[in-house]
Each structure stands twice: as C-alpha cells, then as structure tokens.
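# Structural characterization, general
Here is how the chains run, residue by residue.
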Amino acid sequence: MQNKIEVSDFNFFYGEFQALIDLNLSIREKQITALIGPSGCGKSTFLRCLNRMNDTIDGTRAEGRVLLDGKNVYDPDVDVVELRQRIGMVFQRPNPFPQSIYENVAYGPRILSLAKGAKLDQLVQKSLEDAVLWNEVRHRLKDSAMSLNPGQQQRLCIARAIAVAPEVILMDEPCSALDPVATLKVEELMRELAQDYTIVIVTHNMQQAARASDWTGFFWLGRLVEFAETANIFGSPKEELTEAYITGRRG
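So, a few notes on the structure that sits alongside this text. (Residues numbered from 1 in each chain as written. Predicted model: local features only at pLDDT ≥ 70, side-chain atom pairs only at ≥ 80, totals over all residues. Heavy atoms only, no water.)

When helices and strands are counted, the protein shows ten helices and ten strands. The globule rule puts the C-alpha radius of gyration for 251 residues at 18 Å, and the 18 Å found for the protein is close to it. Once the C-alpha set of the protein is aligned to its principal axes, its extents read approximately 55 × 45 × 35 Å. Across the 251 residues that make up the protein, the buried fraction comes to 52%. Of the contacts made within the protein by residues no fewer than 6 positions apart, 68% connect residues no fewer than 24 positions apart. When the accessible surface of the protein is split by element, carbon and sulfur atoms take 48% of a total near 12,000 Å². The averaged location of the 33 negative side-chain charges in the protein is 4 Å from the averaged location of its 28 positive side-chain charges. (Helix = DSSP H or I, 4+ residues; strand = E, 2+ residues; numbered from the N terminus. Rg over C-alpha atoms; globule rule 2.2 N^0.38 Å. Buried < 20%, exposed > 50% of the residue type's maximum accessible area, 1.4 Å probe, protein only. Contact = heavy atoms within 4.5 Å. Areas by Shrake-Rupley, 256 points an atom, 1.4 Å probe, with all protein chains shown as cover. Lys, Arg positive; Asp, Glu negative; His and termini not counted. Charge placed at Lys NZ, Arg CZ, Asp CG, Glu CD.)

See below:
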C-alpha cells in the first residue's frame, strides 16, 4: 500500500504557542484517514498544514516535513496555488459561492484554464455526477447555489473541489452542519470518491470515523497519541488514553 503523504518530525506554531508537537504519520493513497480528538487538540490545524492553508495566518511557523509524493510541500520552491489544486479542501459548513450551481463548479477549471466551452460543460456534469448531485440539479444549473438544501450545498462544494482534478481531498468536519440522512449521503460519497482520491477527514463523530474510514489518528493536546487501522483503533487500541476517549471516559 503506497503512501501519498508522509509527515515526519512536524511541529507547528501560532506565534509562541506550539499547536502541533512532533507529528509522524503516513497517509495511504486512495484510502480514507480520519482524525479524531477533542476540540482544540490540533486536528483542523494539522489538516490545514497539509495544503498550507495556515500560511494565510500571520505569525504561523512550521518545522519538519510534509512529503507529497516524496516532495516536501514546505520547500521554498513549492507553488502554493498548484499545491492547493492537488490537495483540495471541503470546509465544516457548506460555503457555495453566491452564484449559479453551474458557476460554482466551473469556477476553478475556468480560472486554471483546465477546460472551456463544451469540455467545461462535460467537466461540470462529471464533477456533479461524481458528487452524486447531478440527477438532483441537472434541470436547474442556472439556479442559485444558495437555493440548495445544506446537504446538497455540501455535495456541491465537494463537486467544486474535485472539478480541478485534485489528488487529495481534505474534509474538515464536513457533516457537522448536516442532518443524519445528509450525513450518510456524504459518507457514502466519501467511500465512492476513495476509489480515485486520497481523503483525510476531521470528525468529532466517533461512529462516523468507525463507519467511514480505513485509518484513524487520535490527537490529544497537539500530539498524535495513536495512529492505526480504524478497526484496531476502535476494537483494540494500544494506548489507554485512546480507549478512554473513544469510550467517553475522557473528552
């Protein structure tokens, strides 16, 4: 099984505050990796480190290596725009642009000159199909994205992310604002997408991590306490703190 991302001796700082401490883990290609742990333990910070979204925050600093296909994403010669094309992101709350459904998906490919005309139409359709949304919106592509329900909006955001042909998709609690039915749809979609993409998801939902992921990492106070196949994390964790957290005795 090939590693898509390899993190070694990684530390991250907000000014003087160290948010991530000595992280070492490997993220497998075309698998779903879930990151769990209490609020404020560094999960979302780590997720944003993978495509350098934290660069937009003044006073942040990273140490160590995050290798994407063997290349450190923090090397000075890395094109951050290209990096964020390769590693896309879906946020906690659906954030469609205040434009049409079509324009939401077409925006990235158009900006990056990936397609135009009929090819762009085909790309929009395929992205919506891959996000299991096409049949619900095919007759209303000119409608505002804001007219969709929250579950549809989140799947639209996933379609928007995959339209620029990423290799990795980061999802920061993508179901936290959704009802149970919409949550299950997104989980099913993740399993479908993992056939073609490497997926890393942050979730507070233990059941979701157990259901949807292949690998799970447990964060606590900026450290990675345990990382293993999901079945082992939830069935026979090696660390007492992991067991205490997933059984609800610590949190």
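So, about the sheet that holds strand S7 (residues 168-172). With mixed pairing, the six strands of this open sheet are ordered in space as S6-S7-S8-S3-S9-S10. Both outer strands of the open sheet, strand S6 (87-90) and strand S10 (223-229), are each paired with one neighbouring strand and no more. Across this sheet, the average inter-strand angle for adjacent strands is 20°, counted without regard to direction. Bridging between strand S9 (residues 215-220) and S10 involves six bridges; their strand directions are antiparallel. By the bridge assignment, Phe-218 is partnered in S10 with Glu-226. Across the sheet, helix H7 (residues 180-193) is in contact with strand S3 (32-36), S7 and strand S8 (198-202); its angle to S8 comes to roughly 150°. (Pairing = 2+ DSSP bridges. Axes fitted to C-alpha atoms, helices over the stretch in contact; angles between N-to-C directions.)

Next up on the list: the environment of Tyr-245. Relative to the helices and strands, Tyr-245 resides in helix H10 (residues 240-246). For the pair Tyr-245 and Pro-38, spaced 207 residues apart in the sequence, the C-alpha separation amounts to 8.5 Å.

Looking now at the nonpolar core. With 45 residues, the main nonpolar core has Leu-128, Leu-156, Ile-169, Met-171, Leu-193 and Ile-199 as its most contacted residues. If we ignore the near neighbours within four places in the chain, the residues touching Ile-169 are Gly-88, Val-90, Ile-162, Leu-193, Tyr-197, Thr-198, Ile-199 and Val-200. Of all hydrophobic cores here, the second largest spans 27 residues; its members include Leu-20, Cys-41, Phe-46 and Leu-170. (Core = buried A, V, L, I, M, F, W, Y, C linked by side-chain atoms within 4.5 Å.)

All right, on to the environment of Leu-20 then. Mapped onto the elements, Leu-20 comes out in strand S2 (residues 17-28). For the pair Leu-20 and Arg-138, spaced 118 residues apart in sequence, the C-alpha to C-alpha distance is 44 Å. Once you skip the residues sitting within four places of it in the chain, Leu-20 turns out to touch Phe-10, Asn-11, Phe-12, Gly-42, Thr-45, Phe-46, Cys-49, Phe-219 and Gly-222.

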